[in-house]
Structure formats: C-alpha cells, structure tokens
Amino acid sequence: SDPQDSATFNQLHMLHGGVWGYHILGEIKILLGKLPRKYAAEIESQLNAFPAWHDLTHFNGILHVSYADGNKLRDLAKQVLYAASNVLMDNVSHEGYQLVRLLCSYLELDSLTALDAHTENTLATIENELLVFGNELKVCIGSAGELSEHLKTDWNFPKIHLWKHIVWNIQMKGAACNYSTRPNEKMHGALKNAYQDHSNGKDVAIQVLRVDHQRLAMKFIRDRIDAEAERVAEQSATVDDKNGDKDSDDQNDILTSFEGHIKLGAAQPLRSIQEISNEHNSRPEFHNFQQKFTTFINQCLSVYLDRDPNLWARLSFPGTFQLQEHSYLKVHYESRMDWRQSTDYLHCNPAFHRKPCYDSIIFQVSPEDVAFARLVFMFSCSIPEFGTYNFALVRPLTTDISASCCPFDAALRLKCVKARPHTALMFIPIWSIVRGALLYPDPKHKDEFLVVEHADGDMFLRMKEWTPLYRH
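As the structure is a prediction and not an experimental result, all values here were calculated from the model.

Asks: Any details on the side chain of serine 272? Residues and values, ideally.
Replies: One can find serine 272 in strand E2 (residues 271-272). Classification of serine 272 by relative accessible area gives buried; the value is 11%. Leaving out residues up to four positions away in the same chain, serine 272 has contacts with Gly319, Thr320, Phe321 and Gln322.

Quick look at the structure:
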C-alpha cells in the first residue's frame with residue numbers, strides 16, 4: 001500500500017479552513033490592520049450590505065471575527081472578493097490589490113474543484129488555473145515590500161502543495177463531493193450542545209448519547225406526524241378532485257401549463273390598480289402603471305393565446321381592476337452542474353426582515369436568449385373570459401456582459417451588468433423566469449451590479465458560457 005495514494009484532497013479543511021480561512025484571510029486582516037482604519041470600515045460596511053441569499057451566511061465584519069466552521073469561511077470568501085475589490089485597489093495598497101487578485105484565482109479554482117461532474121475540458125481548466133494561482137502567489141510574495149516582516153513570504157506548506165494533485169485525485173477517486181467532509185461539518189453541533197448544556201462534564205459519553213437518543217426519538221415522532229398529515233391532505237385533495245367540475249382543466253389559461261417550475265407565495269390582499277399606484281407613487285417604476293399594464297396585456301396576450309392581432313378586441317382595465325401582489329417566489333430549475341433539480345427562493349418585498357429585498361432573476365427573452373433583471377413587483381390577476389395569469393414587473397439589466405467590463409473588472413474577472421432606465425421597465429410572465437441571480441450592487445457606480453458567479457455551480461457554469469471573454 002502507498003500512504004500517499006490514500007491521502008485525499010478535502011476542500012473544506014484544505015481550502016476553506018486552510019488556504020483561504022487561515023492564510024489568505026489572515027494576510028488580508030494583517031494588511032487592513034496596517035492601513036488607515038477607514039479602509040477596513042469600508043469593507044465591513046460593504047460586507048454588511050451584501051444582498052441576502054438562500055444558504056449564504058451573512059457577515060457584518062471581518063477584522064475581529066474568527067470562524068471555526070469551514071462552511072462559513074467558504075461563504076465569506078465569496079463576499080470578500082466583491083466587498084474588497086473597490087477598496088484594496090492598486091493605488092491604495094499594491095499588496096492588498098495582489099491579495100484580491102490571489103483571492104480571485106482561489107475562487108475560480110474552488111468553484112472548478114467543487115463541480116459534481118467533470119470533463120476533460122474542466123480538468124484542463126483546473127490545470128491552467130493552478131498555473132495562474134501560482135503566478136499570482138509569486139507576485140503576491142514579491143510585492144510584500146515594506147510589509148514583508150508582517151506578511152507571509154513562505155507559502156511552501158502541505159495544503160498549498162496538495163492542491164497541485166487535485167486533478168489526479170478527481171481522475172482516480174471521482175469528483176470532490178465524493179470525499180468531502182462538508183456534510184458532517186454541522187452534524188456534530190447537536191452533540192456539542194448536548195455536552196455543554198446537558199452534561200456535568202463527567203462520564204459524558206452516556207449522557208450525550210442519552211440526549212442524542214431523545215432527539216432522534218422526537219424527530220421520528222415528528223416525521224410520523226408529518227407523514228400522516230400529508231396523507232390526509234392528499235386524500236382530501238383526491239376527494240375534492242372527484243367532486244369538482246370535470247371541465248375545470250379547460251378553464252385554465254394556457255400559461256399555467258408552463259408554470260410547473262414556478263410557485264408564487266406570500267400572497268397579499270387583493271387591491272385595485274389605483275390603490276397600488278397611489279401606494280408606490282414615490283417610486284418611478286410605478287409611474288403610468290395602469291397604462292403600461294393595459295398596453296402589455298393587449299400586445300402580449302394575443303401572442304400567448306395564438307390569436308390574430310388584427311382580430312384582437314382591445315381590452316381595457318379601469319382603476320378598480322384588482323391585482324394580488326406576491327412577495328415570494330420559488331423557482332425550480334435544472335442545474336448545469338449535475339443536471340439535478342435545484343431551487344432558488346426569491347423575494348420581492350419592501351420589508352423583508354425590516355429591509356427592502358428585491359432579488360434579481362435570469363429570464364427567457366426568446367427561445368435562444370436570456371437576460372438579467374431586477375424584480376420590482378409580482379402579482380396575479382384574473383382577466384374575465386381568459387383566466388388567471390401571473391406576471392412580474394421587472395427592470396431589465398444589460399445582457400451583453402463582456403461589453404460592459406472595464407479593464408479593472410477584467411483584471412479581477414468581475415462580470416458587471418447595468419440597469420436600464422426606469423422607462424425601460426417591462427412586464428414578463430412568471431413562467432419565463434429561469435432562475436434567481438445574486439447580484440452585488442456596485443457601491444461606486446449607481447445602477448451597476450456585479451454578478452456573483454461563485455454563488456453556486458450552475459451560475460458559475462452559466463457565466464462561463466455567456467461571457468466569451470472569460471471562456472476557457
């Protein structure tokens with residue numbers, strides 16, 4: 001047997017808790033401690049303003065906080081790149097700028113390594129990116145300058161070296177998810193709490209196992225109760241279907257058949273168009289809301305229903321016409337990383353946890369093209385003689401990402417999109433939404449956003465496909 005062959009690359013501890021969490025993050029903290037306090041304060045302020053996202057830990061600071069959980073450190077790396085990119089610039093700190101470039105290459109490698117399925121192309125991309133990381137690391141060491149006595153100049157340690165063998169690991173043992181310790185990172189939390197809160201510190205094994213047994217028994221009981229409740233609900237629904245109108249399927253509008261991957265939630269009380277316009281009178285997005293809605297329905301409904309536009313009888317909607325607002329949207333989509341179903345949980349809420357939260361989306365513009373947009377207002381409406389429809393008012397963003405990249409963005413491989421004017425707002429059918437998109441608002445440029453491509457594997461692969469400038 002060969003002990004070296006048995007050593008397996010572990011992203012959680014070697015990268016998230018090691019190369020990033022202990023080394024790169026440690027260097028950034030040391031550097032910020034040597035710079036004027038305003039730079040650290042600016043990064044922490046931008047970290048705090050980072051948009052909320054499902055399964056992404058939110059952080060308020062970086063300097064005086066330490067984390068032992070590798071999952072939290074992984075999330076922190078994704079956010080620090082965007083929060084620090086416009087602060088640790090070359091004219092502020094050459095060392096800091098090189099650390100940000102190093103972090104950029106690190107995230108590229110981390111996202112590539114985390115893919116659940118690999119091809120010859122992805123493995124070759126990893127090999128090429130390892131060379132980029134090595135070059136950035138050499139420049140980083142050489143740029144230490146006056147801070148060389150404080151910053152690390154010797155990066156020759158096992159966790160850096162093992163990264164060079166990741167392609168071999170994948171070829172011999174499969175994708176990194178097969179030997180990841182991430183799923184177990186939080187499972188010991190319950191045992192730790194049992195030790196701290198339900199033991200006297202002596203003969204702890206018996207006491208901890210007793211608490212763990214009680215917890216599993218309660219979970220088993222809860223699962224049985226939930227299963228019974230689900231069975232009763234399904235049985236009740238079956239009875240309702242048998243007693244319902246047999247022609248109900250014919251009364252459904254044509255769009256609902258396309259909305260299987262979409263579910264609206266957090267329904268608000270019905271309100272008239274006039275009430276909605278008055279409530280949002282201060283927001284330019286809602287100017288001439290009634291007129292724009294009427295125009296959209298008359299232009300698009302005939303297309304959706306495959307009617308002859310020349311024979312279409314124009315519909316009119318009075319100010320009393322009622323809409324039902326929705327503040328929550330669940331989107332199922334097929335991930336390009338593993339072809340399994342993934343889910344995004346999106347919000348369009350003026351007071352989500354006491355703060356406005358208007359998430360961004362990718363929606364289908366045509367059968368071949370997609371675009372980014374910001375949610376402004378989601379609603380359903382019942383149009384007499386046609387049926388119930390679900391729509392969203394969105395603010396489109398530029399679709400040509402590579403064209404909007406400046407040299408600074410290109411150096412850090414940042415993808416920038418820009419919001420179109422308020423006059424360009426448009427209505428779209430809910431079913432045209434492909435998935436959510438995490439966009440970081442650029443604090444230095446109004447109405448510009450940076451695409452957080454490292455949010456998940458699907459977004460990472462989509463961005464590689466859509467931006468030839470960055471395609472490997």
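Asks: Tell me about the nonpolar core, residues and numbers included.
Replies: In globular proteins that are soluble, nonpolar side chains generally tend to be buried together. With 86 residues, the main nonpolar core has Trp20, Tyr106 and Trp163 as its most contacted residues. In terms of residues, this core owes the most to one element, helix H5 (residues 94-113), which gives 10 residues.

Asks: How would you summarise a nonpolar patch on the surface if you had to cite specific residues and measurements?
Replies: On the surface, a nonpolar cluster with roughly 310 Å² of combined accessible area is contributed by Phe220, Ile221 and Ile225. Mapped onto the secondary structure, isoleucine 221 falls in helix H10 (residues 204-243).

Asks: Now, about the packing of aromatic side chains: what can you tell me, with residues and values included?
Replies: Applying the stated criterion to the full structure yields 20 aromatic pairs. Both rings, one in tyrosine 82 and one in tyrosine 440, keep their centres 6.2 Å apart while their planes meet at 50°; by these two values the pair is tilted. Here tyrosine 82, found in helix H4 (residues 70-84), pairs with tyrosine 440, found in strand E12 (residues 439-441); they are 358 residues apart in sequence, far enough to count as distant. Centre to centre, the rings of phenylalanine 317 and phenylalanine 321 are 4.8 Å apart; their planes meet at 65°, and the pair counts as edge-to-face. Here the two residues phenylalanine 317 and phenylalanine 321 agree in accessibility, since each one is buried.

Asks: Quick rundown of helix H15 (residues 457-466)? Include the residues and the values.
Replies: The buried fraction of H15 is high, at eight of 10 residues. Along its buried surface, H15 packs onto H5, strand E3 (322-334), strand E6 (360-364), strand E7 (370-383), strand E11 (433-437) and strand E13 (448-451). Structurally, the start of H15 carries an N-cap: the backbone nitrogen of aspartate 458 is 3.1 Å from a side-chain oxygen of aspartate 456.

Asks: Please provide a residue-by-residue account of the confidence of the model for the protein, values included.
Replies: Here the protein averages 83 in pLDDT, while 87% of its residues score no lower than 70. Taken together, the stretch residues 245-258 has pLDDT below 50 and engages in 13 contacts with residues farther than four places along the chain or on a different chain.

Asks: Talk me through the packing of H5 against helix H6 (residues 120-142); I want residue IDs and the actual numbers.
Replies: As a packed pair, H5 and H6 sit with axes 9 Å apart at the nearest point and diverge in direction by 160°. It follows from the interaxial angle that H5 and H6 lie roughly antiparallel. As H5 packs across H6, the resulting crossing turns out to be left-handed. The segment H5 lies against H6, with Gln98, Leu99, Arg101, Leu102, Ser105, Tyr106, Glu108, Leu109, Leu112 and Thr113 engaging Thr125, Ile126, Glu129, Leu130, Val132, Phe133, Glu136, Leu137, Val139 and Cys140. Considering only residue class, the contact of H5 with H6 consists of 12 nonpolar, four polar and four charged.

Asks: Give a detailed account of the environment of serine 302, specifying residues and quantitative values.
Replies: Mapped onto the elements of the fold, serine 302 is located in helix H13 (residues 289-304). Residue serine 302 is classed as buried on the basis of its relative accessible area of 3%. In contact with serine 302, other than residues within four places in its own chain, are Ile297, Arg307 and Trp312.

Asks: Can you lay out the sheet that holds E12 for me, pointing to particular residues and giving the numbers?
Replies: Strands sit in the order E9-E13-E12 across an open sheet of three strands; the sheet is antiparallel. With partners counted over all chains shown, the strands left at the sheet margins are strand E9 (416-418) and E12, one partner each. The mean inter-strand angle of the sheet, taken between neighbouring strand axes irrespective of direction, is 35°. Sheet topology places E12 next to E13; three bridges connect them, and they run antiparallel. Bridge pairing in E13 links leucine 439 to valine 451.

Asks: Please set out the pattern of salt bridges residue by residue, giving values where relevant.
Replies: A complete count under the given rule lists 21 salt bridges for this structure. Here arginine 101 ties to glutamate 136 by a salt bridge, and the two come within 3.0 Å at their closest N and O atoms. Taken together, the residues span a long stretch of sequence, with arginine 101 in helix H5 and glutamate 136 in helix H6 at a distance of 35 residues. Accessibility expressed as a relative area gives 23% for arginine 101, which makes it partly exposed. Glutamate 285 is the partner of arginine 283 in a salt bridge, and the nearest nitrogen-oxygen pair spans 3.8 Å. Glutamate 285 sits in the buried class, given a relative accessible area of 14%. Shared partners join several salt bridges into a network, and the residues in it are Asp344, Arg435, Asp456, Asp458 and Arg462.

The rules behind the values
Residues numbered from 1 in each chain as written. Predicted model: local features only at pLDDT ≥ 70, side-chain atom pairs only at ≥ 80, totals over all residues. Heavy atoms only, no water. Helix = DSSP H or I, 4+ residues; strand = E, 2+ residues; numbered from the N terminus. Buried < 20%, exposed > 50% of the residue type's maximum accessible area, 1.4 Å probe, protein only. Contact = heavy atoms within 4.5 Å. Core = buried A, V, L, I, M, F, W, Y, C linked by side-chain atoms within 4.5 Å. Patch = residues over 30% accessible without salt bridge, like charges linked within 9 Å, V, L, I, M, F, W, Y side chains within 5 Å. Areas by Shrake-Rupley, 256 points an atom, 1.4 Å probe, with all protein chains shown as cover. Salt bridge = Lys/Arg side-chain N within 4 Å of Asp/Glu carboxyl O. Phe/Tyr/Trp six-rings, centres within 6.5 Å; stacked < 30°, edge-to-face > 60°. Polar contact = N/O pair within 3.5 Å; in protein donor to acceptor, adjacent residues only side chain to side chain. pLDDT = per-residue confidence, 0-100. Axes fitted to C-alpha atoms, helices over the stretch in contact; angles between N-to-C directions. Parallel < 35°, antiparallel > 145°, perpendicular 65-115°, else oblique. Left-handed = near helix turned anticlockwise from the far one by under 90°. Nonpolar A, V, L, I, M, F, W, Y, C, P; charged D, E, K, R; others polar. Pairing = 2+ DSSP bridges.

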